[in-house]
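Now for the letters of each chain:
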Amino acid sequence: MAEPLIELREVSKDYVSEAAIVRALRRVDLVVERGDFVAIIGQSGSGKSTMMNIIGCLDRPSTGRYVLDGIDVTERSNDARAIVRNRLIGFIFQGFNLLARTTALENVELPLVYRGVGGGERRRRALAALEQVGLADRIHHTPNQLSGGQQQRVAIARALVTNPPLLLADEPTGNLDTRTSLEVLELLQRLNRSGITIALVTHEHDIAACAKRLVRMRDGAIQIDVRQEPTDAAAALAALPSREAEEKRA
Amino acid sequence: MLVFLARIWASVVLAMRAVSRNKLRAGLTTLGIMIGVAAVVTVTALASGARESVTAQVSALGSNALMVFPRSARTSGARDSTMGSRLSEQDAKALVRESTSIALAAPFLRSSVVAVYEGQNSLPSVIGTKLDYFAVRNWKPRSGELWTHNAEATGEKVCLIGVETARELFGTEDPIGRRVRIGRFFFQVLGVLEEKGQSPFGQSQDAIVVMPIDTMRSTITRTRPGEVHALMLSATSAETSARAQKQAIEILRFAHRIEEGGEDDFVVRSQAEFQALQQKIFGALTLLLIGIAAVSLVVGGIGVMNIMLVSVAERTREIGIRMAIGAREADILVQFLVESVVLSTIGGVAGTLLGYGAVAGFTTALGWSMRIEASTLALALGTSTTIGVAFGFLPARQAARLDPIQALGRE
Ligand SMILES: Nc1ncnc2c1ncn2[C@@H]1O[C@H](COP(=O)(O)OP(=O)(O)OP(=O)(O)O)[C@@H](O)[C@H]1O
Ligand SMILES: [Mg+2]
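Residues numbered from 1 in each chain as written. Chains lettered and ligands numbered in written order. Predicted model: local features only at pLDDT ≥ 70, side-chain atom pairs only at ≥ 80, totals over all residues.

Here we look at the overall build of chain B
So, step 1. Of the regular secondary structure elements, chain B holds 13 helices and 14 strands.
So, step 2. In chain B, the proportion of contacts linking residues at least 24 apart, taken out of those at least 6 apart, comes to 84%. (Helix = DSSP H or I, 4+ residues; strand = E, 2+ residues; numbered from the N terminus. Contact = placed C-beta atoms within 7 Å.)

This is the structure:
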């Protein structure tokens, strides 16, 4: 396969407090190649979010090195890491994390604002990203006027708008029902096929089944790391009983 | 540069939106700054007005000038009005002769009469006086010359005019040697006086005609021989002006035969006295306003800081989101600094308007000359911007230094 995008080398993360030292990550080695789709699973407290935060340059390892896209970002300044986040990474959160009272379009434009892209160009690219996630008709809605699935798609558009090589999603479907979750996964699979590398944390097995590679964590270490044949989210969606049928049953 | 300006503008828009979400809070927060800036505007207008009026008075009268006006006795009928209840040319002579501190005393008549030259009209104040008057008031002809002692003694129909009167009657023509009709008689213009501007009381001192006193008495203001409307004195120096005032009162009481305990039928007003009092009032008021300005600006600044801290706390999650998608510390810092500057500038603009109102009030109610200059505006806006930056910096830095993960984790 292609050259590595993410390289974690013996990464540890300790949270030191007066009461105790929590060893959230213990000498984790992880290499993710370009174009891969990794699902990270594991019990609560096993260190999934901690690892994602380090991969996302939101946090620094206590020891070990992290090389992203060939750049060692372990000891870069905060500003340099902000630029790395802006250029290389798109974040998708469980709680969507859209700015309230701000339209979908403005939310999606935001990463480009920090990149210094001019107004017209920004708008054009934001519209294209919203179109890609199927929300071209909701651009002037604010988050409280959108459903959870729609909000998550706005968040995905925001993550995509800078054309980053890497999408990080920490429990993106945690607040969504099965159907909407599969819709989001269908979108992610489509993006992955177009070349974007994806790392996704989830608790749900049918979501994890959509990835090409499965990493299971336990007590801050990688316990299992296997390749798998991904389920096609589109097919899974089609197999679900239709919305009308569900409503009739209810 | 353009990109930079566009970015600043974008954050101003963002800040205005954030501020407008909480109008009441913003209004209350900016109240202190508003009052402070209003005080700053008023105090600078007062200071420049006071400076101007003092210099105007000094140049108009000289700090050693004194004026004597008649005062109609309140106990009317108690004294015979024909017996020295008016000022006279004899009074002027007596003052110079008998006082050690009065250098000059110029009696004068005054009136307001229509002047006409070739169909052009003007309504100047007309003063009939002696040559000493020019010395006391430090007036000099800009062109032409003063009348001669001979002309003064024989009552020749000659005059000097102020620049405004010259402009109104003659336009661009040279008035010297022309004959202008004032009232029913023609007078030859000998000279045009230097421009003097407004008097401390707001009238123009350039719409004026000055002529020998006997000439005026025989043509415009008929009075009994020797009777005058007022006296203009000058003390031998600014230091002796208080003594000159005291002596003038005694000499005039004697000349007017006012008995012990009787009421003066005249008033002697000292320029120096008036000025000192005005300076004192201005000084006290300036101090008071500076105090108000300082206290309310500090209180206002703390208010802004407080509200910004609240705003940062409320928007911690927003800050986390912005950081996650690539905002640098400087971006966050600027965002909140701009917000606090916007907040304090709103207070500054409101305060400037309030200050204008206060200045207009003082000017019309008390007749003070106050002046709002461009520099006052710059000072007002500069002050509020500085407050915004100074008191907004701490909250903004606090926001910029947030840890993105902790900020994101906060609801
Ligand atoms: N800021 C922190 N301070 C101290 N301990 C922390 C901090 N953040 C995480 N931890 C601890 O580190 C460990 C790993 O946490 P992490 O959030 O990575 O787990 P997770 O796998 O994402 O769990 P979940 O599935 O519940 O989200 C946990 O024991 C947690 O309590
Ligand atoms: Mg987690």
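Structure's up, so let's keep going.
Quick word on the overall build of chain A
So, step 1. When helices and strands are tallied, chain A shows 9 helices and 10 strands.
So, step 2. Relative to the 2.2 N^0.38 estimate, which gives 18 Å for 250 residues, the radius of gyration of chain A is 18 Å and therefore close to what a compact globule would have.
So, step 3. Principal-axis analysis of the C-alpha atoms places the extent of chain A at approximately 50 × 45 × 45 Å.
So, step 4. Sequence separation of at least 24 residues holds for 71% of the intrachain contacts in chain A that already meet a minimum separation of 6. (Rg over C-alpha atoms; globule rule 2.2 N^0.38 Å.)

A few points about the site of ligand 1
All names here are of chain A.
So, step 1. Around ligand 1, the surrounding shell consists of Tyr-15, Val-22, Ala-24, Gly-42, Ser-44, Gly-45, Ser-46, Gly-47, Lys-48, Ser-49 and Thr-50.
So, step 2. Top element by residues in the shell around ligand 1 is helix α1 (residues 48–55). It accounts for 3 residues.
So, step 3. Its residues assigned to classes, the shell around ligand 1 comprises 3 nonpolar, 7 polar and 1 charged. (Near = placed C-beta within 6 Å. Nonpolar A, V, L, I, M, F, W, Y, C, P; charged D, E, K, R; others polar.)

With respect to the environment of Asp174(B)
All names here are of chain B.
So, step 1. For Asp-174, the position within the fold is in the loop between α6 (163–170) and β9 (179–182).
So, step 2. By C-beta crowding, Asp-174 is classed as exposed, having 12 other C-beta atoms within 10 Å.
So, step 3. When the C-alpha positions of Asp-174 and Glu-263 are compared, they lie 50 Å apart, and in sequence the two are 89 residues distant. (Buried ≥ 20, exposed ≤ 12 C-beta atoms within 10 Å, placed from the backbone.)

Observations regarding the sheet that holds strand β9 (residues 213–218) of chain A
Strand pairing in a sheet is mediated by backbone hydrogen bonds. Such pairs are either parallel or antiparallel.
Residue and element names in this part refer to chain A.
So, step 1. Reading across from one edge, β6-β7-β8-β3-β9-β10 is the order of the 6 strands in this open sheet, with mixed pairing throughout. The outermost strands of the open sheet, each flanked by one partner alone, are β6 (89–93) and β10 (221–227). Neighbouring strand axes in the sheet, compared pairwise and without regard to direction, differ in orientation by 15° on average.
So, step 2. Bridge count for strand β7 (residues 166–170) against strand β8 (residues 197–201) is 5 bridges, and the pairing is parallel. From the neighbouring strand, Leu-167 faces β8, where its bridge partner is Ile-198.
So, step 3. The sheet strands contacting α1 are β3 (37–42), β7, β8 and β9, and the helix crosses β8 at an angle near 150°. (Pairing = 2+ DSSP bridges. Axes fitted to C-alpha atoms, helices over the stretch in contact; angles between N-to-C directions.)

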